[in-house]
Amino acid sequence: MNILDAHSQQPCGVCRDIKAAFAQKQSFQLGLVSDILKTPCPGHDALLQYLVQTPLREGRTVESPDCHLWVRGISEHVGCMTLVSLDGTELEASHEVILVSGSSEITAPGTRRVLDPDWVDIGLLREWVGGCIAEHEDTCEDPLRLSGTASPAWLIDTVDHCLVAGSGIREYVALSYKWGDGAYYLQNKLGVLSSLKQAGALLQDQFARIISPTVKDAMGLTRLLGERYLWVDALCIVQDGGRETSEQLQSMGVIYASAKLTVVVADGDASYGIPGLKGVSQPRRFSQPVFPLGDSGDTVVIRQNPLLASGGGPYFDRAWTFQEYHLSKRRLIVGRKQFHWVCSAATLHEDLYGAKEVDWGYNFEFANILLGRPDLDEFASLAREYNGRDLKFPEDALGGVSGLLAVMSRAFEGGFIYGHPELFFDHTLSWHARDAVSNTQKRTHSGKQDGILPQSQLPSWSWLGWKEGSLEFGHEHSGELYDDMSEYNRWMTKSITQWYSQETPTSSTRHAMPSSLWNHDGDFKDARSVFLLSQGWTKERFVASKHMVPKKSSRRALVVFGDHVFTHPSLLEKQYWRPFPVQNIGGEKRAEMQLPPQHPFLSCTTKRGWFGAKQAAKDQRLLGTERSQILILRKARDRGGDLPAPTGEELEECPPQCYLSDKGPYCGLLQVPTEEQVSEFPTAASSDGGRTIELVALSLRRLYDQPDDDELLVESPPFREWYPVLWVEWVDGVAYRRGVGEVEREDWDSHDLEDVDLILG
């Protein structure tokens, strides 16, 4: 035996470490790629070449193999391999991988496997459906706690190939997909409805040739799963049925929520189909990078799973599909030519037989809301994700999310008005862009004359009237005694006026909005506790020695918000500075999936003033905590001087801004939708007072400052107060939002103000 033969029989340290990372769920640095490649090994050479040569995000490739290779075992089934530059910078070349054992039986739970490149295992899909129904009944059968199920007007009978009335049919499969903007495909209309009801109609050439490939394949998949009835919007809603059509469109939320499962086609659009269904559709032709590892038969497989979030494909960029996806209780997903399963209890993939894992992609969750707790942060996540998506008809902005808003209305007392929770109306009315990810775009009615969805107005005051992917409401304090006292949890909003919603600018009938939960008796203290005490809350005077937890080095100083502490029997072992409505969702308190009447105009009596505004150049804008320091900086510099400038990447994060001025500089900030609008204002160096604009006050906001010392209890913490304001312009007696800002309280209160009867449209 020569030296080379002897060396080839020695176990490879790199291959050994890759396997060990999975087994031990640890990270291993395998060394420099250039060094590893100097010692040839048939077990890992091809894998390393793939990692180095595969284009990275943004189309870049690794310029040289002089980088470190890391492997990290996340679980027994899944890991990742990452290239890291010599200076420690990750090269965005992180690949999710699985280790497939050559000795594993294909049916053993947790088995990793190489997929058939052409056909999906239908037996596996049936196992997913049957397993969820048998094992997850309490968790997955009614996760949204609905009051009954939907009765779709029409369903596709995939056995008799025709439409049948949905009344009385309790189990059906729903299809969620992207329509697309290309070829025309069959739609149900009054002129063809009677023909589509005839047995075998969908096999007749006049209809069969214009059924979209995705719908046709979904019918076949329904049969393969052992189901009979399928709901598809294009065929199960009469598109020109007037009132009936409108009612069915408004019921889409409950239709998806009531379906036994939803087939989600995340690849392509209606013309793409569902490849990989043997006997139904074309082969999927799936290419799965597979590399042998050593001589044991083990292989490393580069996973090709989709991102189930915005940016994960056309499906996840559309607004209507957001509600369809998140209201569905069980989802069989076709993504990147593979099948996946997502329900409330498990996330499953074809390449991990029987394994349950947490999905790496973003998945909107609203666990607290489903428990009846009005969690504003959970709601903000929904609004932000939804509002960055595309609508073919902008006027559908409310209709596309109305089902989810109806579900959440149970937790948010009073429900929603054009996407704003009445419970936090004063707070959310000052919504704004969080950063400069994209310009805020006003949604403009398409002018479509045959629109059948009601409430299709696009109010300027509502976030639904704009497309904004970095939507921010600000973090209202949760009220919990021991939550994180970061900056984001130290804001409180106080009502300064009574808001009303109304159908027209001159309506005599108006709907009164409830005042803020932090309404005041002169000092931001809760004024609703008397009512809420009758709803199960108990109240006792705050005593530091009784209610404080032992001091911990990791706990930040605690700001005292009031004189009393509140507890509720359904929120065990938690204490709050304020009570809030807690709904008992379940039993009789179940969702009706209907929104109250939506009024596109707002009215109130508030204060207005005219202020100067100048451009804030990108290198002069303020971010996050810097914005909170305007008052302190201005006082420290005797109402003058320059504000600190952001540096580096922060320059690209600042949204379009202007400075507001009163009798001196820097009394506040104004955020406008686009950079082009910033350029319409005078520069900061100009000698005049700036462009004069009209501002109206929305509410009063307080931010408690974190004390500098290390004390646990601060009885009288310092705070900053400011007014959230709108820049408005009037047209025919109605004011419209042009921008949003904030003015320091002392500057606003000392300004030349006047009362105004405000009508916002």
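Residues numbered from 1 in each chain as written. Predicted model: local features only at pLDDT ≥ 70, side-chain atom pairs only at ≥ 80, totals over all residues. Heavy atoms only, no water.

Naming follows an unreviewed UniProt entry, where the chain appears as Heterokaryon incompatibility domain-containing protein of Apiospora saccharicola.

Asker: Quick question: what am I supposed to make of helix α5 (residues 122–135) here?
Answerer: Along an α-helix, a turn takes 3.6 residues, which lines up residues three or four apart on a common side. The end-to-end C-alpha distance of α5 is 20 Å, a good match for the 20 Å that 14 residues give at a rise of 1.5 Å each. At the N-terminal end of α5, a side-chain oxygen is found 3.0 Å from the backbone nitrogen of G123, two or three residues along, and the residue is D121. (Helix = DSSP H or I, 4+ residues; strand = E, 2+ residues; numbered from the N terminus. Expected span 1.5 Å × (residues − 1). Polar contact = N/O pair within 3.5 Å; in protein donor to acceptor, adjacent residues only side chain to side chain.)

Asker: Hey, could you run me through the pattern of salt bridges in this one?
Answerer: Pairs can form between side chains of opposite charge whenever their charged atoms are close. Summed over the entire model, instances satisfying the criterion amount to 25 salt bridges. Here R228 makes a salt bridge to D157, at a shortest N to O gap of 2.9 Å. Here R228, found in the loop between α9 (213–224) and β9 (229–231), pairs with D157, found in strand β6 (residues 154–157); they are 71 residues apart in sequence, far enough to count as distant. The buried category is assigned to D157, whose relative accessible area is 3%. Connected through shared salt-bridge partners, E680, R691, E729 and R738 make up one network. (Salt bridge = Lys/Arg side-chain N within 4 Å of Asp/Glu carboxyl O. Buried < 20%, exposed > 50% of the residue type's maximum accessible area, 1.4 Å probe, protein only.)

Asker: What am I meant to see in the packing of aromatic side chains here?
Answerer: Note on aromatic pairs: each is described by the distance of the centres and the angle between the planes. Going through the model one piece at a time under the given rule, you end up with 21 aromatic pairs. Measuring from ring centre to ring centre gives 6.0 Å for F322 and Y386, while their planes differ by 50 degrees; the resulting arrangement is tilted. Here F322 is found in helix α13 (residues 319–327), whereas its partner Y386 is found in helix α15 (residues 376–387), with 64 residues between them in sequence. Pair check on accessibility: F322 and Y386 agree, each one buried. Judged by centre distance (6.3 Å) and plane angle (65 degrees), the rings of F425 and W499 are edge-to-face. Here F425, found in helix α17 (residues 425–428), pairs with W499, found in the loop between β23 (491–494) and β24 (500–502); they are 74 residues apart in sequence, far enough to count as distant. In this pair, the class of F425 matches that of W499, namely buried. A connected cluster of aromatic rings, assembled from ring pairs, spans F379, F412, F416, F424, W463 and F473. The lysine or arginine in question, R331, covers the ring of Y325, its NZ or CZ lying 4.5 Å from the ring centre. For K442, the ring lying beneath its charged end belongs to W466, and the centroid distance is 5.5 Å. (Phe/Tyr/Trp six-rings, centres within 6.5 Å; stacked < 30°, edge-to-face > 60°. Lys NZ or Arg CZ within 6 Å of the ring centre and 35° of its normal.)

Asker: Which parts of the structure should I look at to understand the pairing of strand β30 (residues 657–661)?
Answerer: One face of the sheet, then the other: side chains in a regular strand alternate in exactly this way. Counting buried residues along β30, five of its five residues qualify, which places the element largely inside the surrounding structure. Relative to β30, strand β29 (residues 601–615) runs antiparallel, the two sharing four bridges. Bridged to A613 within β30 is L660. Sheet analysis places β30 next to strand β31 (residues 668–671), joined by four bridges and oriented antiparallel. When the sheet's bridge partners are listed, L660 is paired in β31 with G668. (Pairing = 2+ DSSP bridges.)

Asker: Just checking my understanding: could you explain the sheet that holds strand β2 (residues 67–73) for this structure?
Answerer: Each strand in a sheet pairs with another by means of backbone hydrogen bonds, the pair being arranged parallel or else antiparallel. The strand order β1-β2-β3-β4-β12-β11 describes an open sheet built from six strands, whose pairing is antiparallel. The strands lining the two open edges of the sheet, one partner per strand, are β1 (27–32) and β11 (290–292). When the angles between neighbouring strand axes are averaged without regard to direction, this sheet yields 25 degrees. Where β11 meets strand β12 (residues 299–302), three bridges bridge the pair, whose relative direction is antiparallel. Bridge pairing in β12 places P292 opposite T299. Contacts between helix α2 (residues 13–24) and the sheet are confined to β1, β2, β3 (78–85), β4 (95–100) and β12, with β1 contributing the most and set at about 160 degrees to the helix. Across the sheet, helix α4 (residues 45–53) lies against β2, β3, β4, β11 and β12, angled at about 60 degrees from β3, the strand it touches most. (Axes fitted to C-alpha atoms, helices over the stretch in contact; angles between N-to-C directions. Contact = heavy atoms within 4.5 Å.)

Asker: So what exactly am I meant to see when it comes to the side chain of R737 here?
Answerer: Tracing the chain through its elements places R737 in strand β36 (residues 734–744). No salt bridge is formed by the buried R737. Its closest oppositely charged neighbour is E468, at 8.2 Å. In this structure the side chain of R737 is engaged in a polar contact, spanning 3.0 Å, whose partner is the backbone oxygen of W431. Beyond its immediate stretch of four places on either side in the chain, R737 contacts L429, W431, H432, S460, W461, W466, L726 and W727. (Lys, Arg positive; Asp, Glu negative; His and termini not counted.)

Asker: Would you take a moment to explain the environment of G294 for this structure?
Answerer: Here G294 lies in the loop between β11 and β12. Using a relative accessible area of 37% as the deciding quantity, one classes G294 as partly exposed. If we skip the residues at most four places from it in the chain, G294 touches C15 and G43.

Asker: Is there a simple way to explain the environment of A201 in this structure?
Answerer: By secondary structure assignment, the location of A201 is in the loop between α7 (190–196) and α8 (205–208). Exposure remark for A201: the relative accessible area of 1% places this residue in the buried category. Expressed as a C-alpha distance, the spacing of A201 and D160, which sit 41 residues apart in the sequence, is 8.5 Å. Residues contacting A201, with those up to four places away along its chain left out, are H161, S195, L196 and F207.

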